[in-house]
Amino acid sequence: LPTKLLEYAALGIPAVVAPTHTIRYYFDDAQVAFFTPGSAESLATVIHSLYADPAARHRLAAGAARFGARYAWERHKQVYVDLVDALCVGGKE
């Protein structure tokens, strides 16, 4: 999962990405624009489509913001702390 994609989502910047397994796990068509990997024509088409459609760019940025809301530190810090605690306790046995 590219860190740059997470940064774009947090900043409200629409992103054009290849549909890797991990990206597809966290993001859908309402959050990012997918292009066909290895196809410069597909990449150019998606970029041009977004360039020509400000409303689509806005929808993607708003959709990507859902990722930030779902995975925000404020919501997940206790999950992380509990995991570390469990691993530490497990390592002492």
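Described in the following lines is the structure provided in the data block. Quick caveat, the model's predicted, so the values are computed rather than measured. (Residues numbered from 1 in each chain as written. Predicted model: local features only at pLDDT ≥ 70, side-chain atom pairs only at ≥ 80, totals over all residues. Heavy atoms only, no water.)

On to the packing of aromatic side chains. Aromatic ring pairs: the centre-centre distance and the angle between the two ring planes describe each pair. In total, this model carries 6 aromatic pairs according to the counting rule given. The interplanar angle of 15° and the centroid separation of 4.7 Å between the aromatic rings of phenylalanine 27 and phenylalanine 67 together place this pair among those described as stacked. Taken together, the residues span a long stretch of sequence, with phenylalanine 27 in the loop between helix H2 (21-26) and strand S2 (33-34) and phenylalanine 67 in helix H4 (residues 54-70) at a distance of 40 residues. Neither residue differs from the other here; phenylalanine 27 and phenylalanine 67 are each classed as buried. Aromatic pair tryptophan 73 and tyrosine 80: ring centres 6.1 Å apart, planes at 55°, arrangement tilted. In this structure tryptophan 73 comes out as partly exposed when scored by relative accessible area, which is 49%. For arginine 24, the ring lying beneath its charged end belongs to phenylalanine 34, and the centroid distance is 3.8 Å. (Phe/Tyr/Trp six-rings, centres within 6.5 Å; stacked < 30°, edge-to-face > 60°. Helix = DSSP H or I, 4+ residues; strand = E, 2+ residues; numbered from the N terminus. Buried < 20%, exposed > 50% of the residue type's maximum accessible area, 1.4 Å probe, protein only. Lys NZ or Arg CZ within 6 Å of the ring centre and 35° of its normal.)

Once that is clear, we can look at the side chain of serine 42. Note on placement: serine 42 falls in helix H3 (residues 40-52). Once you skip the residues sitting within four places of it in the chain, serine 42 turns out to touch Phe35 and Thr36. (Contact = heavy atoms within 4.5 Å.)

At a minimum axis distance of 5 Å, the contact between H3 and H4 shows a crossing angle of 105°. By the angle between their axes, H3 is roughly perpendicular relative to H4. Contacts between H3 and H4 involve Leu50, Tyr51 and Ala52 on the former and, on the latter, Pro54, Ala56, Arg57 and Leu60. The class makeup of the residues in the contact of H3 with H4 is 6 nonpolar, no polar and 1 charged. (Axes fitted to C-alpha atoms, helices over the stretch in contact; angles between N-to-C directions. Parallel < 35°, antiparallel > 145°, perpendicular 65-115°, else oblique. Nonpolar A, V, L, I, M, F, W, Y, C, P; charged D, E, K, R; others polar.)

Glancing now at the nonpolar core. Judged by nonpolar contacts, Leu5, Ala9, Ala15, Val17, Ile23, Phe27, Val32, Phe34, Ala64 and Phe67 together constitute the single largest core of 10 residues. Elements with a minimum of two residues in this core: helix H1 (3-11) and H4. Leaving out residues up to four positions away in the same chain, alanine 64 has contacts with Ala9 and Gln31. (Core = buried A, V, L, I, M, F, W, Y, C linked by side-chain atoms within 4.5 Å.)

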